[in-house]
Amino acid sequence: MILHELLSYELLRIIWWLLLGVLLIGFAVTDGFDMGVGALIPFVGKGDVERRIAINTVGPVWEGNQVWFILGGGAIFAAWPPLYAVSFSGFYLAMFVVLASFIVRPVAFKYRSKRDDATWRNAWDWALFASGAVPALLFGVAVGNVIQGVPFHFTADLHSVYEGAWYTKFFGLLNPFALLSGVVSLSMLIMHGAVWLTVKAEGVVQARARAIGSVAALVAVIAYALAGVWMAYGIEGFRIAGHYVTDGPSNPLYFQVERTASWFTAYAERPWIAIAPLLGIGGGLLTFLGLRARREVSTLIVSKLAILGVIASVGLTMFPFIMPSSSDPKSSLMVWNSSSSHLTLFIMLVCAVIFMPIILAYTAWVYKVLWGKVTDKDITEHSHSVY
């Protein structure tokens, strides 16, 4: 027996769909609070020391947290090549804005405190705000567009064509439902960043973060519930029509796909997936209550659970679709028709089994070593060695 045949092609596709979700959730719960703190800096810190406290709560860990973003992009490239091709060609202007924001962030961290000038530092503080708020918003906008279907199709030789002029590839993304999804993402990550500040800061910075985070938690829950109702009654879903195989070649044109009244037919077929949206709403409400009760670590945990529930609800509701096509449903990308080969997925899984535990162990060790609050004393006594 060939070694990679120990696991079926169908099972490997499901495993890599799950791992992609794990990487996206890992990115959201780690780098998500970095983005949230960045978006909060001008509001939780009124003076220079207060803002530096906020910055230094994420300063030692933000680079490591971005590993999840790199791993996610690499997984899409290697495990789901058609998804990588369509998403990066169709969303490239939005992705350029996101990458520009991520490029600005390290520059702002490094240069912000190099000059003792209020105007200089204030400008970099707003750069950090943009580097946190803009990606948080656009990630949600992208998800909202994927839920509605993306205007692309494949030619007979599987060349992907994303329809529309170059400017519609960005401004066309900013439709009402996608913007609501962006509000969900932005408010959720601001909530998460605020919770992180309550854990890592103290005094007025902590108090302001608690107040803003409470509002953000309620906004996230309300916006998420509204998006769910809209998705149930105002957006058509997709379904596979007729007989299909789950271990066949990765060719989207082999499948017949049709529109359905709603994505929420998935809950009639798989009622157990309702746990995800319940976790998203329940986690958000518990985060609000935890902030009001001034609990710290437990609130951080439920904030992470809220993010897990929100992201998981999208994937579970759409399964097996990954990126449906609104202009040509039969070109839709699914778990069963857009993966790499059987052998490639197996080799990648072996690498993931070896290296993921190492990454997780190292990350846990780093957080343990760096645990503790950032205080005024830390900033004033080490002014030249901290951000």
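Placed above this text is the structure.
Keep in mind it's a predicted model, so treat the numbers as computed, not measured.

Reading the values: rules and limits
- Residues numbered from 1 in each chain as written.
- Predicted model: local features only at pLDDT ≥ 70, side-chain atom pairs only at ≥ 80, totals over all residues.
- Heavy atoms only, no water.
- 1 Å grid on protein atoms, 1.4 Å probe; cavity = no way out; pocket = protein on both sides within 12 Å on 5 of 7 lines; lining within 4 Å.
- Points joined across faces, edges and corners; volume = space filled by probe spheres on them.
- Helix = DSSP H or I, 4+ residues; strand = E, 2+ residues; numbered from the N terminus.
- Buried < 20%, exposed > 50% of the residue type's maximum accessible area, 1.4 Å probe, protein only.
- Contact = heavy atoms within 4.5 Å.
- Phe/Tyr/Trp six-rings, centres within 6.5 Å; stacked < 30°, edge-to-face > 60°.
- Lys NZ or Arg CZ within 6 Å of the ring centre and 35° of its normal.

**Student:** Whenever I open this one, empty space enclosed by the protein confuses me. Can you help?
**Tutor:** Using a probe with the size of a water molecule, rolled over the atoms, empty space left in the structure can be pinpointed. Under the criterion given, the structure shown has two cavities of 30 Å³ or more. Estimates place the volume of the largest cavity at around 70 Å³. As for the largest cavity, its lining consists of Val184, Met188, Met191, Ala220, Val221, Tyr224, Gly280, Ile281, Gly284, Ala306 and Val310. The set of elements that each furnish at least two residues to the lining of the largest cavity consists of α9 (176-200), α10 (203-234), α12 (275-292) and α13 (297-318).

**Student:** What is the right way to read unusual backbone geometry from this model?
**Tutor:** For residues besides glycine, phi is generally negative; the peptide bonds are generally trans as well. Cis rather than trans, the peptide bond between phenylalanine 319 and proline 320 has omega equal to 5°. Within the secondary structure, proline 320 is located in the loop between α13 and β5 (321-323). With phi around 65°, leucine 158 is a residue other than glycine that occupies positive phi space. Within the secondary structure, leucine 158 sits in the loop between β1 (152-154) and β2 (160-162).

**Student:** Quick question: what am I supposed to make of the side chain of threonine 299 here?
**Tutor:** Looking at the element boundaries, threonine 299 is found in helix α13. Classification of threonine 299 by relative accessible area gives buried; the value is 1%. In this structure threonine 299 touches Val195, Thr287, Gly290 and Leu291, once residues within four positions along its chain are discounted.

**Student:** Can you walk me through the packing of aromatic side chains in this structure?
**Tutor:** In this description, an aromatic ring pair is defined by two values, namely the gap between the centres and the angle between the planes. Tallied over the full model, the rule gives 28 aromatic pairs. Aromatic side chains phenylalanine 102 and phenylalanine 139 sit 6.4 Å apart centroid to centroid with 45° between the ring planes, which places their arrangement in the tilted category. You can see phenylalanine 102 sitting in helix α6 (residues 92-111) and its partner phenylalanine 139 sitting in helix α7 (residues 118-148), a full 37 residues away along the chain. The class for phenylalanine 102 is buried, based on a relative accessible area of 6%. Exposure remark for phenylalanine 139: the relative accessible area of 25% places this residue in the partly exposed category. Their ring planes at 90° and their centres at 5.8 Å tell us that phenylalanine 152 and phenylalanine 154 sit as a pair that is edge-to-face. Phenylalanine 152 gets classed as buried once you look at its relative accessible area, which sits at 0%. On the basis of relative accessibility, which here comes to 9%, the residue phenylalanine 154 falls in the buried class. Members of the aromatic cluster, each reached through a chain of ring pairs, are Phe27, Phe69, Phe102 and Phe139. Between arginine 13 and the ring centre of tyrosine 9, over which it is positioned, the NZ or CZ distance is 3.8 Å.

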